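Each chain is listed here by its residues.
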Amino acid sequence: MLIYFIFLLDFMFFSKSGAEMTSLKVINELPSSGYSNLQKLESKPDEKLQLRMKPANFSGPDHLRHLAGRCFKYQDSKYEYVFCPFQNITQEDIQAYYEPYKGILGVWADWVIEDNQFKKMNMIEGSLCGSGMHRSTKVILHCSATSELVSVTEPDKCRYTAKFETPDVCGKNAMAVYPRLPPELQTRWDDAEYDRHYGLLTKKGYQKELEKIFLAAGYYLSPEDRSSLVYKASTDSSKNCKAELMEAKSRINELEEELRMKEEMILEQGAGKKSI
Ligand code: MAN
């Protein structure tokens, strides 16, 4: 943020009984003109962030629900990151002095499942990066005594990897997928396993069937669901714009009414003086 400091140093020296005292006066003021957008720069940074996608519904192991609604911060030398599980992850430049970057690194979408385990959280459709590409983040979950965001890296431009530690993922079954599936999907998985074992299904075919099972369970987001969440966010924001416009119009009406009344009062007072 752009802040202008005018430091006025007012040194006063006293040499009473050998002691030297210095009083330092600091005036912290904004220039009075020429910076009409200072108001904007001083407004809450979050107002700049507009979600491009509505977060998907909660999915995954039920005991992780308590993480929804909580947020975790991590700072490196350049950025502060805020990870809100099942919501979004943001990045704010805390180093740059002039117009620091603040953006969304991803919105909660779905899981990365590997070896029958919920391994990573997929955060997608973040702020725009270059032309047409949106930032996205994979949050890897690790077992630890406390819940903490411990690192965020950017292996490829605008593709981030975050590491989140939590006791919720400790233990062999804490993040296992199979036991959490409804019985009909477990049977489908059993059948796929059988077919693969007896060569009735290729490895690729088996992977495809698992993908379908995870989609049916709601652990993977379908392309249609993804588009509809993006669409919902855009219609929400246009609703916000309309509401703001209506509010502004009604404020204009109020101010016009006030102006009219004041004009009338002035005219009446003028007329009164003349008649005296
Ligand atoms: C910002 C940050 C960086 C990113 C660049 C891309 O500075 O989001 O992480 O690499 O934009 O231009």
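These numbers come from a predicted model, not from an experiment.

S.K.: I'm lost on the pattern of salt bridges in this one. Help?
M.R.: Pairing is possible between side chains of opposite charge, provided their charged atoms come close. For the coordinates displayed, the defined rule picks out ten salt bridges. Its salt-bridge partner being R65, residue D62 comes within 3.0 Å of it at the nearest N-O pair. For K120, the salt bridge identified is with E114, shortest N-O distance 3.9 Å. Overall, the relative accessible area of 33% leaves E114 in the partly exposed class. Among the charged side chains, a network of salt bridges with common partners joins R52, E125 and R226.

S.K.: Would you explain the site of the ligand in this entry?
M.R.: Neighbouring residues of the ligand: Y79, Q91, Y101, R135, E154, K157, C158 and Y160. Q91 places a side-chain nitrogen or oxygen 2.6 Å from an oxygen atom of the ligand. Measuring from an oxygen atom of the ligand, one finds a side-chain N or O atom of R135 at 2.8 Å. Taking 310 Å² as the accessible area of the ligand by itself, protein coverage stands at 71%. Tallied by class, residues from the shell around the ligand come to four nonpolar, one polar and three charged.

S.K.: Help me out: how do you make sense of the sheet that holds strand β12 (residues 159–166) in this one?
M.R.: Think of a sheet as strands paired side by side through backbone hydrogen bonds, with each pair either parallel or antiparallel. Spatial strand order, β3-β4-β5-β6-β7-β10-β12-β11: eight strands in an open sheet with mixed pairing. Two strands bound the open sheet, and with one partner strand each, they are β3 (72–75) and β11 (148–156). This sheet shows a mean twist of 25° between the axes of neighbouring strands, independent of strand direction. In this sheet, β12 lies alongside strand β10 (residues 136–143) in parallel orientation, the contact comprising eight bridges. Among the inter-strand pairings, H142 is bridged to a residue of β12, identified as E165.

About the criteria used
Residues numbered from 1 in each chain as written. Predicted model: local features only at pLDDT ≥ 70, side-chain atom pairs only at ≥ 80, totals over all residues. Heavy atoms only, no water. Salt bridge = Lys/Arg side-chain N within 4 Å of Asp/Glu carboxyl O. Buried < 20%, exposed > 50% of the residue type's maximum accessible area, 1.4 Å probe, protein only. Near = heavy atom within 4 Å. Polar contact = N/O pair within 3.5 Å; in protein donor to acceptor, adjacent residues only side chain to side chain. Areas by Shrake-Rupley, 256 points an atom, 1.4 Å probe, with all protein chains shown as cover. Nonpolar A, V, L, I, M, F, W, Y, C, P; charged D, E, K, R; others polar. Pairing = 2+ DSSP bridges. Helix = DSSP H or I, 4+ residues; strand = E, 2+ residues; numbered from the N terminus. Axes fitted to C-alpha atoms, helices over the stretch in contact; angles between N-to-C directions.

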